[in-house]
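# Structural features, examined
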Amino acid sequence: MSKLLWQPSEERKASTNIAKFMAFVNDRHGSNITSYEALHDFSVNQQEKFWVDAWDFCGVKAETRGERIIADGDKMPGARYFPDARFNYAENMLQRRDDNVSLIFRGEDKVRREVTANQLHDDVSRMHAAFAALGLTPGDRVCAITPNMPETIVAFLGAVSLGGTWSSCSPDFGVQGVLDRFGQVEPRFLVVCDGYYYNGKTHNIGDKVREIAAQLPTVEKIIVIDYIGQAAELAGSVPNAVTMEDFMAPHEAGEITCAQLPFDHPIYILFSSGTTGVPKCIVHTQGAALMKHCVEQRLQTDVRPDDKLFFFTTCGWMMWNWLVSALATECTVLLYDGSPFYPNEKVIFDLADETGMTIFGTSAKFIDAVKKTGWEPKTTHSLEAVRMMCSTGSTLAPESFDFVYDSIKSDVHLASMSGGTDICGCFVAGNPMGAVYRSEIQANGLGMGTNVYDDDGNPCPAGVKGELVCDKAFPSMPLMFWNDPDGAKYHAAYFDRFDNVWCHGDFAEWTEHGGMVIHGRSDATLNPGGVRIGTSEIYAQVEKLSEVIEGLCIGQSWDDDTRIVLFVRLAEGVTLDDELTKKIKSQIRTGASPRHVPGVVVAVDDIPRTKSGKITELAVRDVVHGREVKNKEALANPEALDLFKNIPELTA
């Protein structure tokens, strides 16, 4: 049984948005919903009522919601939500009109800025007018190579207020990585920065921008954000380029006439990691982005207008899209761009104390990395205002749960979440009224028929591992993949395994508390002797050892079977000798099972990861088996793959 780590007081439960929503639902329908489990049942079994209630409770602003709520609700894909609605996502982000601060921005130690709600509205209105003057129409693609900064949000909202479809990546992407993404969607407008700051260094990306611009023939105008003081120089060296300041200069601030568009109007094109080929272009709708994020933020993350919400992300990760949507809650959104460890591991905690951060969102890897420094944030920082920590990006290790409560803050709601770029949201997430148990994601997402299936498509009981699926339609299913006219690629990605059921590709299990544990990607699941083993189960044990910074596991085809190979990145000054190898294997055998013990343990100097920080097991598996890795540009450190070639221990 998992250890109980935290539970909210009755007073705290009663104050949550989710408690208020239950009262709202009960009053409207004469029901008696008093538990999260009952609310979840209502959200998936009475979807039409739930999504209308969520729309009204969250105060969605629209020209019309329409009479129909769900059309073809039994089809996956194919279900359509609010098919007659007309509204605009950007208009819902800009409802606050006052001098309260909407955005707080830190660009490492170089830039500090605050933007009020009125200033944000004025800037977006000028950006809207500038795009309109160039004839931006619904469906035009606007792509961005930008940091996580206010100007990016201004450009995004200005574009989507007119019906533009947005795609972005962070400025550390390589040329080919950008072209592999934006080249597919053929943007009409390109927003770029002149450079960025990372780990105390200034990175000028002028040469990169010029090379990319020369290979995107559909781009009519390039807008350059001034971040490092080189925007005018860059704009002057690229055809059809203009600084953002000059682009907006002819236009006065004023009211914004937002295009009223269907629920299914494309708002984003997000991209798969692309480590097994050219990235898939995943098209999301404005209605899905608004409604899914409203439910997750207001109900499952308990975001309120007086909150200061932070999530560490870049513009190349879906959590940026999620973070921007929080403007609809009228809270203050905290933006940070740069290294979360510059000048040291305390910088994000400094930001928390300085700003009065109430919701602290980050990755599981960040929490683990802070833990491994040996520093305890509670000894140097008050973190008085922080009432919730959110973790996503990869599985949060059991020891990281302990670290949060032992070394960061004991009275905090720790919400591990899991979903993905595919749905721009979560399958399982936090429950502000529920208890937190060690290792567990708290709850099934509202409106999500998340389940775990065995190989025959039968639901698995608690404690039995299987495929993470969603067996009821939900609004944030992608509209389509770009350049997939018959939907074949889209169908193959999620619906080939089980008919009319979304199969996500995660290996998971329910717990006795109604929570979930994710054991890693099912396509990276290990199968020694025909027994399925999740890689995260091995990582959880290995990373308990002070000698090991992190690990990566693959299954290697060997002797007509599969053997587990564990690669470890070791702490400074540590050598992988026989004694340490035995210690690693013993820890795995004791903490997991004998079946989890690797056949081979190999030390490496680095582990390849995607731009969003996820380790790339499949790419390493391909290298070990002598197969070509098709899209190294998707990796933050592609040179690390060379460390896995021709390893003697794997041929003996």
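Everything that follows concerns the structure shown earlier in this document.
Bear in mind that the values here come from a model prediction, so they are computed numbers and not experimental data.

Once that is clear, we can look at the overall build of the protein chain. For the protein chain, the helix and strand inventory stands at 20 helices and 33 strands. In terms of overall dimensions, the protein chain is globule-like: its C-alpha atoms have a radius of gyration of 24 Å, near the 26 Å expected for 652 residues. Within the span of the protein chain, comprising 652 residues, buried residues form 61% of the whole. Of the contacts made within the protein chain by residues no fewer than 6 positions apart, 70% connect residues no fewer than 24 positions apart. Roughly 24,300 Å² of accessible area belongs to the protein chain as shown, and the carbon and sulfur atoms make up 45% of that amount. For the protein chain, the distance from the average position of its 61 positive side-chain charges to the average position of its 89 negative side-chain charges is 1 Å.

Moving on to the pattern of salt bridges. Taken as a whole and assessed by the stated rule, the structure comprises 38 salt bridges. One salt bridge in this structure joins Asp 72 and Lys 75, with 3.9 Å as the shortest N-O distance. Residue Asp 72 is classed as partly exposed on the basis of its relative accessible area, which comes to 40%. Among the salt bridges present, the one from Arg 210 reaches Asp 207, with a minimum N-O distance of 2.7 Å. Here Arg 210 and its partner Asp 207 are both found in helix H9 (residues 206-214), three residues apart, which amounts to about one turn of the helix. On the basis of relative accessible area, Arg 210 is assigned to the partly exposed category, the value being 31%.

Judged by nonpolar contacts, the single largest core of 154 residues is most densely connected at Tyr 89, Phe 131, Phe 156, Leu 157 and Trp 502. The greatest single-element share of this core, amounting to seven residues, is contributed by helix H7 (residues 150-160). Aside from chain neighbours lying at most four places away, what touches Tyr 89 is Phe 156, Leu 157, Val 160, Ile 267, Tyr 268, Gln 286, Ala 289, Leu 290, Asn 321, Val 324 and Ser 325. In terms of nonpolar packing, the next biggest core, distinct from the first, is built from 36 residues, Ile 533, Val 542, Val 597 and Ile 607 among them.

The peptide bond linking Met 76 to Pro 77 adopts the cis configuration, its omega dihedral lying at -5°. The backbone of Glu 108 sits at a positive phi, close to 45°, despite the residue not being glycine. You can see Glu 108 is positioned in the loop between strand S6 (101-107) and strand S7 (111-116). Residues other than glycine seldom take positive phi values, yet Asn 646 does so here, at roughly 50°. Relative to the assigned elements, Asn 646 resides in the segment after helix H20 (617-624).

Here we come to H7. Most of H7 is tucked away, with 11 of its 11 residues classed as buried. Restricting attention to buried positions, one finds in H7 the residues Pro 150, Glu 151, Thr 152, Ile 153, Val 154, Ala 155, Phe 156, Leu 157, Gly 158, Ala 159 and Val 160.

With respect to the helices, strands and loops of the structure, Gly 551 is situated in strand S31 (residues 548-558). For Gly 551, a relative accessible area of 0% translates into the label buried. Residues Gly 551 and Leu 566, 15 residues apart in the sequence, show an inter-C-alpha distance of 6.8 Å. Excluding its chain neighbours within four sequence positions, the residues that come into contact with Gly 551 are Tyr 539, Glu 543, Leu 566, Phe 567, Val 568, Ile 607 and Ile 615.

Now for the environment of Ala 54. Tracing the backbone shows Ala 54 in helix H4 (residues 47-57). Its relative accessible area of 1% is what places Ala 54 among the buried residues. Taking C-alpha positions, Ala 54 is 9.6 Å from Lys 292, a pair spaced 238 residues apart along the chain. The residues touching Ala 54, leaving out its near neighbours within four places in the chain, are Phe 21, Met 291 and Val 295.

Before going further, it helps to spend a moment on the sheet that holds strand S25 (residues 443-444). One open sheet holds the three strands; their spatial order is S22-S23-S25, and the pairing between them is antiparallel. Of all strands in the sheet, those with a lone pairing partner are strand S22 (418-420) and S25, marking the two edges.

We now examine the side chain of Glu 440. Of note, Glu 440 is situated in the loop between strand S24 (436-437) and S25. The buried charged residue Glu 440 lacks any salt bridge, with Arg 438 as its nearest oppositely charged partner at 10.0 Å. There is a polar contact of 2.9 Å between the side chain of Glu 440 and the side chain of Ser 2. Setting aside residues no more than four positions away along its own chain, Glu 440 makes contact with Ser 2, Phe 401, Thr 511, His 513, Gly 515, Met 516 and Val 517.

Turning our eyes to something else, we now look at the packing of aromatic side chains. According to the stated counting rule, one finds 42 aromatic pairs in the structure shown. Measuring from ring centre to ring centre gives 6.2 Å for Phe 87 and Phe 263, while their planes differ by 65°; the resulting arrangement is edge-to-face. Taken together, the residues span a long stretch of sequence, with Phe 87 in strand S5 (residues 86-87) and Phe 263 in the loop between helix H11 (244-248) and strand S15 (266-271) at a distance of 176 residues. Judged by its relative accessible area of 0%, Phe 87 falls in the buried class. Taken together through their ring pairs, the aromatic side chains of Phe 21, Phe 24, Phe 42, Phe 50, Trp 51, Phe 57 and Tyr 81 make up a single cluster. Positioned above the aromatic ring of Trp 375, the side-chain terminus of Lys 346 is 4.8 Å from the ring centre. The lysine or arginine in question, Arg 563, covers the ring of Trp 558, its NZ or CZ lying 3.7 Å from the ring centre.

Here the focus is the sheet that holds S7. Overall, mixed pairing links the seven strands, which are arranged S7-S6-S18-S17-S19-S20-S21 in an open sheet. One side of each edge strand has no neighbouring strand; the edge strands of this open sheet are S7 and strand S21 (413-416). Each neighbouring strand pair of the sheet contributes to a mean axis angle of 15°, computed without reference to strand direction. Across five bridges, the pairing between S6 and strand S18 (residues 332-337) is parallel. From the neighbouring strand, Gly 107 faces S18, where its bridge partner is Asp 337. Along the sheet, helix H16 (residues 398-408) contacts strand S20 (388-392) and S21; its crossing angle with S21, the most-contacted strand, is approximately 160°.

Turning our eyes to something else, we now look at the packing of helix H8 (residues 175-185) against H9. Where H8 contacts H9, the two axes come as close as 10 Å, and the packing angle between them is 35°. In terms of crossing hand, the pair formed by H8 and H9 is right-handed. Side by side, H8 and H9 meet where Val 175, Val 178 and Leu 179 of the first sit next to Lys 208, Glu 211 and Ile 212 of the second. Here the contact of H8 with H9 is composed, by residue class, of four nonpolar, no polar and two charged.

About the criteria used
Residues numbered from 1 in each chain as written. Predicted model: local features only at pLDDT ≥ 70, side-chain atom pairs only at ≥ 80, totals over all residues. Heavy atoms only, no water. Helix = DSSP H or I, 4+ residues; strand = E, 2+ residues; numbered from the N terminus. Rg over C-alpha atoms; globule rule 2.2 N^0.38 Å. Buried < 20%, exposed > 50% of the residue type's maximum accessible area, 1.4 Å probe, protein only. Contact = heavy atoms within 4.5 Å. Areas by Shrake-Rupley, 256 points an atom, 1.4 Å probe, with all protein chains shown as cover. Lys, Arg positive; Asp, Glu negative; His and termini not counted. Charge placed at Lys NZ, Arg CZ, Asp CG, Glu CD. Salt bridge = Lys/Arg side-chain N within 4 Å of Asp/Glu carboxyl O. Core = buried A, V, L, I, M, F, W, Y, C linked by side-chain atoms within 4.5 Å. Pairing = 2+ DSSP bridges. Polar contact = N/O pair within 3.5 Å; in protein donor to acceptor, adjacent residues only side chain to side chain. Phe/Tyr/Trp six-rings, centres within 6.5 Å; stacked < 30°, edge-to-face > 60°. Lys NZ or Arg CZ within 6 Å of the ring centre and 35° of its normal. Axes fitted to C-alpha atoms, helices over the stretch in contact; angles between N-to-C directions. Left-handed = near helix turned anticlockwise from the far one by under 90°. Nonpolar A, V, L, I, M, F, W, Y, C, P; charged D, E, K, R; others polar.

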